[in-house]
Amino acid sequence: MDPAATLTHVRAHWAGILPSSPVYSLFFAGIRIVDARREDVGSDSSSGGRILAHLPVGGIHVNSKNILHGAVSAALVDWAGGMAIAAATGRSQTGVSVDIHISYVAAAREGDELEIEAWVQRVGGTLAYTSVEIRRRKLPPLPSNGDDSHDGDDHRADGSQDGGDHKKVDPYAVAKTRGPVVARGSHTKYVAYGEPRKVPPAAETKPEAAKAVEAAETEEHRSRKGT
């Protein structure tokens, strides 16, 4: 899947989840997925995925000390891990969480903008392992000398474009937008959830009693044939 198709798929995946998730709708209605791509991971060249998103910190995201609530950071790790799996696999279902770890590194406050980057470490037959980094975004300097470059963050929450005529810049290559780390996390999901159930061969589905009767009849037939 080419990068543009991967980004389209991840945005569509998110648009499908948003209306049916009260928690995500409450916290992440303003999140913007600015990049999504597939990439090779490990020595076996297995497929991985990576996403980059931005979220303005509002009053609903902070605690009584006016800093980013830990529960919001944990929810971001949950959300971003699933989006990275969608980028890696192209699936419309990314499974259910079995494990989430998070380390809180620094604070973010209302008015800041977060940059969330998530990538897939490995996707196996039943489990997918992802890593997530949440940073306080440093906004790039204003363009000068007529340079209309930007970092690709020109679409709305529904994934539509703003119609501006911009030169695309790789968001991962814009080092100036990478601010201090707010939190790091890992997220493991059971990805066989929602996949078609594998039906074993007919011989394996027979009840044990039926297998015993069949074996006895076979043995009796052999005995008669030998006499």
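Keep in mind the model is a prediction, meaning the values are calculated, not measured.

A.B. asks: Give a description of the environment of I116 that names residues and reports values.
C.D. replies: Assignment of secondary structure puts I116 in strand β4 (residues 113-123). Residue I116 is classed as buried on the basis of its relative accessible area, which comes to 0%. When the C-alpha atoms of I116 and R32 are compared, they prove to be 9.8 Å apart, with 84 residues separating the residues in sequence. Beyond its immediate stretch of four places on either side in the chain, I116 contacts I31, I51, L52, A53, H54, L55, L76, A80, V132, E133 and I134.

A.B. asks: Explain the environment of A108 to me, and be specific about the residues and the numbers.
C.D. replies: Relative to the elements of secondary structure, A108 occurs in the loop between β3 (96-104) and β4. C-alpha separation for the pair A108 and V182, spaced 74 residues apart in sequence, amounts to 6.8 Å. What A108 contacts, discounting residues up to four positions off in sequence, is N66, I67, L68, L114, R136 and V182.

A.B. asks: If you had to explain the packing of helix α1 (residues 3-17) against helix α3 (residues 70-89) to someone new, which residues and values would you point to?
C.D. replies: With their axes 9 Å apart at the nearest point, α1 and α3 run at an angle of 135° to one another. Relative to α3, the element α1 is oriented oblique. Handedness of the crossing formed by α1 with α3: right-handed. Side by side, α1 and α3 meet where T6, H9, V10, H13, W14 and I17 of the first sit next to W79, M83, A86 and A87 of the second. Residue composition of the contact of α1 with α3, grouped by class: seven nonpolar, three polar and no charged.

A.B. asks: Can you explain the pairing of β4? Please cite residues and give values.
C.D. replies: Summarising the sheet, β4 and strand β5 (residues 127-136) pair through nine bridges and their orientation is antiparallel. In the sheet register, E117 faces β5, and the bridge partner there is E133. Here β4 folds back onto β5 in antiparallel fashion, the turn holding three residues.

A.B. asks: Can you tell me about the confidence of the model for the protein, naming the residues and giving the values?
C.D. replies: Looking at the protein as a whole, its pLDDT mean stands at 79, while 64% of the residues score no less than 70. Within the protein, the element-level pLDDT minimum falls on helix α4 (residues 202-205), averaging 47, and the maximum on strand β6 (residues 181-190), averaging 97. Note that residues 154-166 has pLDDT below 50 and, in this model, 21 contacts with residues that lie over four places away or in other chains.

A.B. asks: Quick one: what's the story with the side chain of R11, residue by residue and with numbers?
C.D. replies: Structurally, the position occupied by R11 is in helix α1. The buried category is assigned to R11, whose relative accessible area is 14%. Among the polar contacts made by the side chain of R11, one reaches the main-chain carbonyl oxygen of I33 at a distance of 3.1 Å.

A.B. asks: Report on the packing of aromatic side chains, specifying residues and quantitative values.
C.D. replies: For the coordinates displayed, the defined rule picks out five aromatic pairs. Geometrically, the ring pair formed by F27 and F28 is tilted, given 6.1 Å between the ring centres and 45° between the ring planes. Its relative accessible area of 0% is what places F28 among the buried residues. Joined through ring pairs, the aromatic side chains of W14, Y24, F27, F28 and W79 make up one cluster.

A.B. asks: I'd like a rundown of α3, residues and numbers included.
C.D. replies: Counting along an α-helix, one turn takes 3.6 residues, and residues three or four places apart therefore face a common direction. Over its 20 residues, α3 extends 29 Å from the first C-alpha to the last, a length consistent with the 28 Å expected when each residue adds 1.5 Å. Burial analysis of α3 places 15 of its 20 residues in the buried class, which makes it a mostly covered element. One or two steps after α3, the chain reaches G90, where phi turns positive at roughly 75°.

A.B. asks: Would you mind going over the nonpolar core in detail, with residue names and values included?
C.D. replies: Residues F28, I51, W79 and L114 are the most contacted members of the largest nonpolar core, which totals 39 residues. Elements represented by at least two residues in this core include exactly α1, α2 (22-28), β1 (32-41), β2 (46-56), α3, β4, β5 and β6.

A.B. asks: I'd like a description of α1, backed by residues and values.
C.D. replies: Between its first and last C-alpha, α1 extends 21 Å over 15 residues, near the 21 Å set by a 1.5 Å rise per residue. Looking at α1, one finds that the buried residues are T6, L7, H9, V10, R11, H13 and W14. Residue D2 occupies the N-cap position of α1, its side-chain oxygen lying 3.0 Å from the main-chain nitrogen of A4.

Parameters at a glance
Residues numbered from 1 in each chain as written. Predicted model: local features only at pLDDT ≥ 70, side-chain atom pairs only at ≥ 80, totals over all residues. Heavy atoms only, no water. Helix = DSSP H or I, 4+ residues; strand = E, 2+ residues; numbered from the N terminus. Buried < 20%, exposed > 50% of the residue type's maximum accessible area, 1.4 Å probe, protein only. Contact = heavy atoms within 4.5 Å. Axes fitted to C-alpha atoms, helices over the stretch in contact; angles between N-to-C directions. Parallel < 35°, antiparallel > 145°, perpendicular 65-115°, else oblique. Left-handed = near helix turned anticlockwise from the far one by under 90°. Nonpolar A, V, L, I, M, F, W, Y, C, P; charged D, E, K, R; others polar. Pairing = 2+ DSSP bridges. pLDDT = per-residue confidence, 0-100. Polar contact = N/O pair within 3.5 Å; in protein donor to acceptor, adjacent residues only side chain to side chain. Phe/Tyr/Trp six-rings, centres within 6.5 Å; stacked < 30°, edge-to-face > 60°. Expected span 1.5 Å × (residues − 1). Core = buried A, V, L, I, M, F, W, Y, C linked by side-chain atoms within 4.5 Å.

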